[in-house]
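Structural description and commentary
As a plain string of letters, each chain reads:
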Amino acid sequence: MGKRTVFDTDGNPAQDDRHVKRQRVADSTERNNAPRPATEEVTSARQLQAALVFEQGTATGFRHGLDSFKRFLDSILYSTDADDLPRKRSILRDYLETQKKGREEDATFLPNFFQAWDYGAQTSSDVLISKVTAILALLLKVISANSDLLAYGTLLCKSALQQSVVRRLNRTLSAPPSKENLISPVLRLLTEVTRFNEGAHAKAVYFKRDYTLEPKILGRNIALWRDAKGDAQLEKRKPSIRVNAVRYLLAHLAHQDEIAKKEILANANVIRALFDHLHADPSFLVHEILSSLKSHVFEDRTIPRHTKSRILNGKTLSSISSLYRYQPREDAAAENQRAPDKAAHEFLCMVCTDPAYGIMLPSGGFYPPSNDEDDVGATVEDAVDPSFEFGIDPLEGLETGNAIRNIILSEFVQTLKPYANIMQQELLVAIFNACPELVPDYFLQKDTFQYDPKLSSTWIGYSSFLYTVIELPVPKYFGALNGFRDYPPAAASVMQSILPAPLTQQALVKCLNSSSDMVNLVAVRMLIVAFHKLRSVMNVYNANCTSRSSRLWRNGAKRLKDAFCSVCPPMKTVMTTFRQPKFLKNMMREAIVRLLRLYYEVTPQLALEEKFDVSIPLCNALIDAENSRTAAEDKALRVMELGHWVQIARYSPTMRWWQKSKTLTHSPFVTLLRLVVCSTDKELYDGIKPLLLTVLRDHYFLQTSTSPDALDAVIASLGGICGAPSPPPQVLEFLDDCCARFVRAPIKYFDDLDTLRMKSAQGDAHLSTISPLLMTLVEQWPFRGGKAEKGNPAEPLAQWLSKLLYLLKLIGEEEGLLTLVCDSLVTSADQAYKQVLQDSFLWKMGKQQAKEALKAATGADFSGSERSTTSSLPPEPDDALANHGPSIDAELPPTEDQKHVGLVKWRKKDMDEIVDDGDIGELLLCLCSEHKEIRLQAVNNTRQLLAKVEATNDSDFLQLRVLLGEVLETAVPFIDTRPLPYVGGVFAARAVHVLADPTHCLFAKINTFLLKGPQWTVENLPRYFGKNIVNSAPDQDGSYHEEVDWFLDYIIDCLRTPQDMEIFRTKNVFERLLTYYVSSSCAISAKEKIVRLLLRMAAVGGSTTLITRCGILSWIEMRLANNDRRQGELMFLASRLWETCDQAKVTDWSSGMAEETIRLLTKERNEEL
């Protein structure tokens, strides 16, 4: 079919009959541009009443009246003439009164407005509806600002909430989104009604919520945001539908009760719409939303926690955090309003760090959540996980499981970028501080950032974040509720807060080897703070090792330290970094030396892997500290560096304190002493004096038992000699030489001191307090002041000795012994110095200055006293055993060697000679000394011996190295407070001989024991070896009795003190041996040794225990009745038990039968004799 032509179309009759549209009579353009009547100024209420009369035919005039009324209300609300304001308010009051007169209480207030509204709704006049609604909202706002008009506002609110009105409001609110001119005025009117008179009608508005708060309509309106293209003034002048809807919602949250708030907040559509477009809102609206939610929702304690938690889901948090990227508009700063990113930051920091706000759940810190902690405030009891009993950490699989409670926060923190925004970093750190369980979860899941040394803004920001995380404090009880649990947290969990996962060993090594100074310094500072945190955590572990399940916490501490050492850069890398020229600068130099010190203090096993001579850098630090040309700031850094080197030297087994170097005039010890004496700022060197005391305790040539101690006296004596501000060189040289001689041969000078004590007239001189170094001074003084020389060069030395003796007497050292020392010095002195030395104990002006210096340094008050306090008389020795024949019969325990030659005998011998001569055993027995100083010296010497063994690299000494290491691990934790029991010390000494002979019958069993763990439970040693030797088959055929003899010799030798006796009693050692005595497998030699052991027990105070707990008297009677061949020894044992026991207690316990039994046994023995 072809296309129709225009002629065909014109000829169609249907076209002729179609409806023709009527043309407009008046020109529309002319009508729209017609001039409107001018708005008149309102001067009376009658004028308003006439202008605001609505009739259907006069709608145009009513609109003009509305314009005049709006201008009038604006002049009241935003008045610029305060004098004219009362007149206008009076006009408004009169007008409102006319709208009320002659009407019933339930009638509609302002009927013309509502009639116009009805007419506009019927005729679909959007302009009229919009104007009426806007004027009513403005009128209510004006009334709210004037307290004398509140009654009219109440009438207006009631009229606006009538059923017919709210239905029309609802229809308007649900109008199409394009009709913003209709929806916004209604929202403003409802907002003003809700706010009016502090929310007096808020409940009425909520009561009609089906029309005023329909969730879908309100959610839709809140979501209708408008892009103002950065024009904040447009948003304020003509708010969008979203702005008005949000303010309407916030008005309800501010003025409704908790029940209404709960129902409003339960509407997911409303809450979702509120936060979805938060990033596009103007800054004033963001501030209103966050401040209103904070004040009226989250800080409202009447709203339950679960309601708050529904608001803060993951999407909501992400929407709020998007404000961190908010670009402030140009006029935001001029308004003096807080920036949206700062407001969001404060809001998130508040709600994400406190369980009361709903999003955060109480966590277990470093522990995984317990099944019994589902209730927020529940109190649970911590149970021991049985996996720990087998040395397995059940929490080590943390990286594979989701063992946290705060799932929402865990997902939220993964979206933050702490390296790009400082406020996001602060938020993340605050969340980690409040919820420590998120720290390991965050780093184990965050694998997007590789911490390679790149000097970029991202790398620096991430480094700052990691540094702040490491600095976080350790949570109380590691996160447990009511105290420490019986087991430690997982090492993997704790490690993430000390060295997070991005800080791998490879990354840290690259940072230390980087060519950038900034990267090097950042890595060093990060390692320093990590070491400090590890030390604080280890202190908690060690405290729990003594008070709770020690084995579990001890194993946990070992796992944690091993994990740290596996991540920390090796000592070799740090030493390479230290030797780089760029670390010669002030701050970098102090930082790297501090890191080296922490290696030695916290992880000595890593520090000792690298052989490092501390003497050279220590000497250089001493020279720098003595340099008087250094600036004050650099001086403080040099002193801090010197303190680090001194501490490193304290821990280094190869440090030579008494050896002079080519660069130093004196030894390191005396140079440090000179620095303390000559320093004008004593606070700079406060940390050096305790280190000097530590060195003294290792060598004990100056006593430290008095207060002030001998070191304080030496420091005070070195000041102001012969009027000089610093000690004369000859005095320091003499002191240095004497200290070195004493350290090389201390036994000789201890012998000299014993000889001096024997010369003393006092009978208690052997217990008196005196510094052994005086013996070296007496020996070397004749070579300096014993002959006449021109100019008397030894005059300063004589004055110093005189002052030193005076101060030593003043602090409490034995005056009689000091007098003998003074006499020896005077006898060997030249005539020129005799008078100075003879006046040692007399008051002189120089001595008074030294006394004042000592008083100022120590705070001691001598009150003019010039005499030392004499020692109290020692207790008389117990002669009760004198009448019992030779000591071997009584099996008296060996006494402690007061000379302690074991501390130094091993130093000048080869390793083979040390082992063969038994010097190692004598050194280890010094750990059992009752004197704290001897024990500390023994620990230091054992460490040095261990370093010497490791330096040999001889596989024959591998077992010896393991033995020495385990002895140190066992003794060091408590050596400051109590000695190592002889049960452990004697075993270690005897094990040395076994390990030196691979053919020994117990070689395999001793090695098996050493491989069980790095630390011993000393109390279990007798029971362990008793079970594995006496009750077990031997490792070699025919060696059973040889093994038993070794075991019995060991327990006889180690039973020396009541503490050892208590170990034997608690482990039932005697009951087992008494049973073994009567068995057929017990050899004659073993029976004799068991009797000797019982005699030893009587000698150390165990007689009462044997009689009352072990039934030893009945056992002796049975052995005598069976014609035991050791009848004489058994009867002597019975008499010894009675003589050394608590006879009153035993008599009361046995009702007198024990004494009768002993009398009969003694009588039989006397008859035999």
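Residue positions are given per chain, counting from 1 as you read along its sequence in written order. Per-residue local features of the predicted model are confined to residues with pLDDT of at least 70, and side-chain atom pairs are confined, for both listing and counting, to 80 or more; whole-chain, interface and lining totals are unaffected and use all residues. The basis for the side-chain values is all heavy atoms of the structure; hydrogens and waters are excluded.

What about the overall build of the chain?
Keep this limit in mind: Every helix listed is a DSSP run of H or I at least four residues long, and every strand listed is a run of E at least two residues long, numbered separately from the N terminus. Think of it in three bands: with a 1.4 Å probe and only protein chains considered, a residue is buried below 20% of the maximum accessible area for its type, exposed above 50%, and partly exposed in between. Should any heavy atoms of two residues lie within 4.5 Å, those residues are considered in contact. Here, Shrake-Rupley sampling with a 1.4 Å probe gives the accessible areas, and only protein chains in the shown set may cover a residue.
What the chain contains, in helices and strands, is 63 helices and zero strands. Scored against the burial criterion, the 1169 residues of the chain give a buried share of 50%. Taking the intrachain contacts of the chain between residues at least 6 apart in sequence as the baseline, contacts between residues at least 24 apart amount to 74%. Summing over all exposed atoms, the chain offers an accessible surface of approximately 55,200 Å²; the carbon and sulfur share of this is 50%.

Describing the packing of helix α43 (residues 795-811) against helix α45 (residues 831-838)
The description of two helices packed together rests on the angle between their axes and the distance between the axes. Rules: Note on method: axes are straight lines fitted to C-alpha atoms, helices fitted across the in-contact stretch only, with angles between N-to-C directions ranging 0 to 180 degrees. Here the word oblique covers every angle except those under 35 degrees (roughly parallel), over 145 (roughly antiparallel) and from 65 to 115 (roughly perpendicular). Left-handed describes a crossing whose near helix is turned anticlockwise from the far helix through less than a right angle; right-handed describes the clockwise counterpart. Amino acids are sorted into nonpolar (Ala, Val, Leu, Ile, Met, Phe, Trp, Tyr, Cys and Pro), charged (Asp, Glu, Lys and Arg) and polar (every other residue, Gly among them).
In contact at an axis separation of 8 Å, α43 and α45 are set at 20° when each is read in the N-to-C sense. Here α45 runs roughly parallel to α43, going by the angle between their axes. Between α43 and α45 lies a crossing of right-handed hand. Contacts from Glu795, Ala798, Gln799, Leu801 and Ser802 in α43 reach Ala832, Tyr833, Val836 and Leu837 in α45. A breakdown of the residues in the contact of α43 with α45 according to their chemical character gives six nonpolar, two polar and one charged.

Quick notes on the packing of aromatic side chains
Each aromatic ring pair is described using two quantities: the centre-to-centre distance and the angle formed by the ring planes. Rules: Any two of the Phe, Tyr and Trp rings considered here, Trp counted by its six-membered ring, make a pair once their centres fall within 6.5 Å; the pair's planes then place it as stacked at under 30 degrees, edge-to-face at over 60, or tilted in between. Over a ring means this: the NZ of a Lys or the CZ of an Arg is within 6 Å of the ring centre and within 35 degrees of the ring normal.
Taken as a whole, this structure holds 47 aromatic pairs when the rule is applied. With a centroid separation of 5.3 Å and 25° between ring planes, the pair formed by Tyr451 and Trp459 is classed as stacked. Each member of the pair, Tyr451 as well as Trp459, carries the same accessibility label: buried. On the basis of an interplanar angle of 55° and a centroid distance of 5.6 Å, the ring pair of Phe478 and Tyr541 is categorised as tilted. Taken together, the residues span a long stretch of sequence, with Phe478 in the loop between α26 (457-470) and α27 (491-498) and Tyr541 in helix α29 (residues 517-547) at a distance of 63 residues. When sorted by exposure, Phe478 lands in the same class as Tyr541, which is buried. The structure contains a cluster of three or more aromatic residues connected by ring pairs, namely Tyr419, Phe432, Tyr442, Phe443, Tyr451, Trp459, Tyr462 and Phe465. For the cation-ring pair, Arg978 lies above Phe974, with the distance from its terminal atom to the ring centre recorded as 4.0 Å.

A short note on the pattern of salt bridges
Note the following rule: Salt bridges are defined as contacts in which a side-chain nitrogen from Lys or Arg sits within 4 Å of a carboxyl oxygen from Asp or Glu.
Applying the stated criterion across every chain yields a total of 26 salt bridges. With its nearest N and O atoms 2.4 Å apart, the salt bridge here joins Arg1065 to Glu1062. Highlighted residues: Arg1065 and Glu1062, both in helix α56 (residues 1058-1066), separated by three residues, approximately one helical turn. The structure contains a network of salt bridges with shared partners spanning Asp84, Arg87 and Lys88.

Some details on the state of the cysteines
Convention followed: Defined by distance alone, a disulfide is two cysteine sulfur atoms within 2.5 Å.
Under the criterion given, the structure shown has zero disulfides. Free cysteine Cys928: the closest other cysteine sulfur is in Cys926, separated by 8.8 Å. Residue Cys928 is classed as buried on the basis of its relative accessible area, which comes to 4%.

Brief notes about the side chain of Asn221
For the record, the criterion: We call two N or O atoms a polar contact when they sit within 3.5 Å, provided that within protein one can donate a hydrogen and the other can accept it, with sequence-adjacent residues counted only if both atoms are side-chain atoms.
Structurally, Asn221 is set in helix α14 (residues 215-222). A polar side-chain atom of Asn221 sits 2.8 Å from a polar atom in the side chain of Arg220. For Asn221, the residues in contact, after removing those within four places along its chain, are Leu173, Ile183, Ile241, Arg242 and Ala245.

A look at the side chain of Thr942
The topology assignment puts Thr942 in helix α50 (residues 932-952). On the basis of relative accessibility, which here comes to 0%, the residue Thr942 falls in the buried class. Here Ala938 takes part through its backbone oxygen, which lies 2.6 Å from a polar atom of the side chain of Thr942. Filtering out sequence-adjacent residues up to four positions away, Thr942 remains in contact with Leu923, Leu924, Leu964 and Leu968.

Describing the packing of helix α19 (residues 283-298) against helix α22 (residues 340-351)
Relative to each other, α19 and α22 sit at 20°, their axes nearing to 9 Å. As summarised for this structure, α19 and α22 are arranged roughly parallel, according to the angle between their axes. By crossing handedness, the relation of α19 to α22 is classed as left-handed. For the pair α19 and α22, the contacting residues are Ser283, Val286, Leu290, Leu293, Lys294 and Phe298 in the first and Pro340, Ala343, Ala344, Phe347, Met350 and Val351 in the second. Among the residues making up the contact of α19 with α22, the classes are represented as 10 nonpolar, one polar and one charged.

Overview of helix α41 (residues 773-780)
Counting buried residues in α41 gives seven out of eight residues, a clear majority hidden from the surface. All of the buried residues along α41 are Leu773, Leu774, Met775, Thr776, Leu777, Val778 and Gln780. Structurally, α41 contributes buried residues whose contacts are with α39 (729-744), α40 (746-759), α42 (782-785), α43 and α44 (815-828).

Comments concerning a negative patch on the surface
To be explicit about the condition: Patch building starts from residues that exceed 30% relative accessible area and form no salt bridge, then joins like charges within 9 Å and nonpolar side chains (Val, Leu, Ile, Met, Phe, Trp, Tyr) within 5 Å. For the charge count, each Lys or Arg is scored as positive and each Asp or Glu as negative, with His and the chain ends excluded. Each charge is placed at NZ for Lys, CZ for Arg, CG for Asp and CD for Glu.
Together, Asp910, Asp912, Glu913, Asp916, Asp954 and Asp956 line one region of the surface with negative charge. Checked against the element boundaries, Asp910 lands in the loop between α47 (887-890) and α48 (911-916). Residue classification places Asp910 among the exposed positions, given a relative accessible area of 54%.

Focus: the environment of Ile259
You can see Ile259 is positioned in helix α17 (residues 258-265). Distance from Ile259 to Ile303, taken between C-alpha atoms, is 8.1 Å for residues 44 residues apart in sequence.

A short note on unusual backbone geometry
With a phi close to 55°, Glu198 is a non-glycine residue in the positive phi region. Backbone geometry at Phe478 places phi at a positive 60°, although glycine is not the residue there. Classification of Phe478 by relative accessible area gives buried; the value is 1%.

Description of the environment of His345
Within the fold, His345 resides in helix α22. Accessibility expressed as a relative area gives 9% for His345, which makes it buried. Each C-alpha atom, one on His345 and one on Glu426, is 8.7 Å from the other, the two residues being 81 residues apart in sequence. Excluding anything up to four places from it in sequence, His345 contacts Tyr324, Met423, Glu426 and Leu427.

Quick word on helix α53 (residues 1003-1010)
With six of eight residues buried, α53 lies mostly within the body of the structure. Taken together, the buried positions of α53 are occupied by Phe1003, Lys1005, Ile1006, Asn1007, Phe1009 and Leu1010. Considering only its buried residues, α53 is in contact with α51 (958-971), α52 (982-996), α54 (1021-1030) and α55 (1040-1054).

Some remarks on the confidence of the model for the chain
Rules: Residue-level confidence of the predictor, termed pLDDT, takes values from 0 up to 100.
Per-residue confidence for the chain gives a mean pLDDT of 80, with 84% of residues at or over 70. Helix α24 (residues 422-434) holds the highest mean pLDDT among the elements of the chain, 93, whereas helix α3 (residues 28-32) holds the lowest, 42. Considering only residues more than four positions removed or in separate chains, one finds that residues 394-401, a stretch of pLDDT under 50, has 16 contacts.

Concerning the environment of Leu842
On the secondary structure map, Leu842 appears in the loop between α45 and α46 (845-858). Since its relative accessible area comes to 47%, Leu842 is described here as partly exposed. Separated by 36 residues in sequence, Leu842 and Tyr806 have C-alpha atoms that sit 7.7 Å apart.

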